[in-house]
Amino acid sequence: MSAASFVGLLAAGSIVAAAAGVKGVGRSLPLFTPEPAVETTRRGRTRRDRRARSKALHADVPQLLDLLAAGSTAGLSAEASFRQAVSCVRGPLGEDLSEVMRSVDLGVPWREALAAHVERTGDPDLARTVAVLARTEALGVPLRDATRELAAAVRDARRAATLERARTAPVKMLFPLVFLILPAFLLLTVVPVLITTVRSID
């Protein structure tokens, strides 16, 4: 068999297999309707936006702790430090804490308003912040020292998590490398060499 006949036979087999697959899919799948697909896309976008907002909120917690420590160092009370810190924080965390302060302005105690917000969001670092604020009030620990220690601990934990993700990245890259990149590389490099070799033999 010549090289041209061999390549033509492979192409014909691929076309027949593809046609059979499309025919089988046409029998098995129901009639396509755009509404479910649009709804699924909208839900996926909403979930991505929610995850991105939660990630941005989580990233600004150390800044909030630093601002609390700065306010306490300047001689402000815990509530005044918290109010000043909220006015300086931007992004999703600043928006959420501004809602908390509006509740405080309506008469809700600021610690209770913050605790209720943390319970709704479930952010662990904000929960630790509330615990630190409660401990400083109960034990008389300086807010400046407590918030600085917590900010350092939060940054260290996040740095350790980042290093752990970096260590696991090569393992996660193994699957696309073996099943996607390597076959394409072989297709582009080995197959032309084989075809050239077969033609030279003929």
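Here goes a summary of the coordinates provided. Because the structure is predicted, anything quoted here is derived from the model rather than measured.

1. Let's talk about the nonpolar core
Side chains of nonpolar character tend, in soluble globular proteins, to be buried together.
Thinking step 1. L64, L65, F82, L93, L97, L114 and L126 are the most contacted members of the largest nonpolar core, which totals 27 residues.
Thinking step 2. Mapped onto this core, the elements with two or more residues apiece are α3 (61-73), α4 (78-88), α5 (91-105), α6 (110-121), α7 (124-139) and α8 (143-201).
Thinking step 3. For L93, the contacting residues outside a window of four places in its chain are L57, D60, V61, L64 and L126.

2. Things to note about α8
Thinking step 1. Taking 1.5 Å per residue as the helical rise, α8 with its 59 residues ought to reach 87 Å, and the 83 Å between its terminal C-alpha atoms agrees with that figure.
Thinking step 2. Helix geometry: α8 is bent most strongly at L177, by close to 45°.

3. Some remarks on the layout of surface pockets
Thinking step 1. Here the largest pocket is characterised by a volume of approximately 200 Å³.
Thinking step 2. What lines the largest pocket is K55, H58, A59, A157, R158, A161, T162 and R165.
Thinking step 3. The element that contributes the greatest number of residues to the lining of the largest pocket is α8, accounting for five residues.
Thinking step 4. Residue composition of the lining of the largest pocket, by class: three nonpolar, two polar and three charged.

4. Some words on the pattern of salt bridges
Thinking step 1. Taken as a whole and judged by the stated rule, the model has seven salt bridges.
Thinking step 2. The partner of E79 in a salt bridge is R83, with the nearest N and O atoms 4.0 Å apart. One end of the pair is E79 and the other is R83, both in helix α4 and four residues apart, which spans about a single turn.
Thinking step 3. Here E99 makes a salt bridge to R102, at a shortest N to O gap of 2.6 Å. Of the two residues, E99 and R102 are both situated in helix α5; the distance of three residues between them amounts to about one turn of the helix.
Thinking step 4. Taking relative accessible area as the criterion, E99 reaches 46% and is therefore assigned partly exposed.
Thinking step 5. Each member of the salt-bridge network shares a partner with another, and the members are E79, R83 and D105.

5. A short note on the packing of α4 against α5
Thinking step 1. Between α4 and α5, the least distance of the axes is 10 Å, while the angle of their chain directions is 135°. One element, α4, and the other, α5, form an angle in the oblique class. By crossing handedness, the relation of α4 to α5 is classed as left-handed. When α4 is examined against α5, the residues E79, F82, R83 and V86 are found in contact with a partner set consisting of L97, S98, M101, V104 and D105.
Thinking step 2. Split into classes, the residues belonging to the contact of α4 with α5 amount to five nonpolar, one polar and three charged.

6. What about the environment of V141?
Thinking step 1. With respect to the secondary-structure elements, V141 resides in the loop between α7 and α8.
Thinking step 2. Given a relative accessible area of 30%, V141 falls into the partly exposed group.

7. Quick notes on the packing of α3 against α4
Thinking step 1. Contact pair α3 / α4: the axes reach a minimum separation of 8 Å and the direction vectors enclose 135°. If you check the angle between α3 and α4, you find them oblique. In this structure, α3 meets α4 at a crossing whose hand is right-handed. The segment α3 lies against α4, with Q63, L64, L67, L68, G71 and S72 engaging S81, F82, A85 and C88.
Thinking step 2. Split into classes, the residues belonging to the contact of α3 with α4 amount to six nonpolar, four polar and no charged.

Reading the values: the criteria
Residues numbered from 1 in each chain as written. Predicted model: local features only at pLDDT ≥ 70, side-chain atom pairs only at ≥ 80, totals over all residues. Heavy atoms only, no water. Core = buried A, V, L, I, M, F, W, Y, C linked by side-chain atoms within 4.5 Å. Buried < 20%, exposed > 50% of the residue type's maximum accessible area, 1.4 Å probe, protein only. Helix = DSSP H or I, 4+ residues; strand = E, 2+ residues; numbered from the N terminus. Contact = heavy atoms within 4.5 Å. Expected span 1.5 Å × (residues − 1). Bend = angle between axes of the 7 residues up to and from the residue. 1 Å grid on protein atoms, 1.4 Å probe; cavity = no way out; pocket = protein on both sides within 12 Å on 5 of 7 lines; lining within 4 Å. Points joined across faces, edges and corners; volume = space filled by probe spheres on them. Nonpolar A, V, L, I, M, F, W, Y, C, P; charged D, E, K, R; others polar. Salt bridge = Lys/Arg side-chain N within 4 Å of Asp/Glu carboxyl O. Axes fitted to C-alpha atoms, helices over the stretch in contact; angles between N-to-C directions. Parallel < 35°, antiparallel > 145°, perpendicular 65-115°, else oblique. Left-handed = near helix turned anticlockwise from the far one by under 90°.

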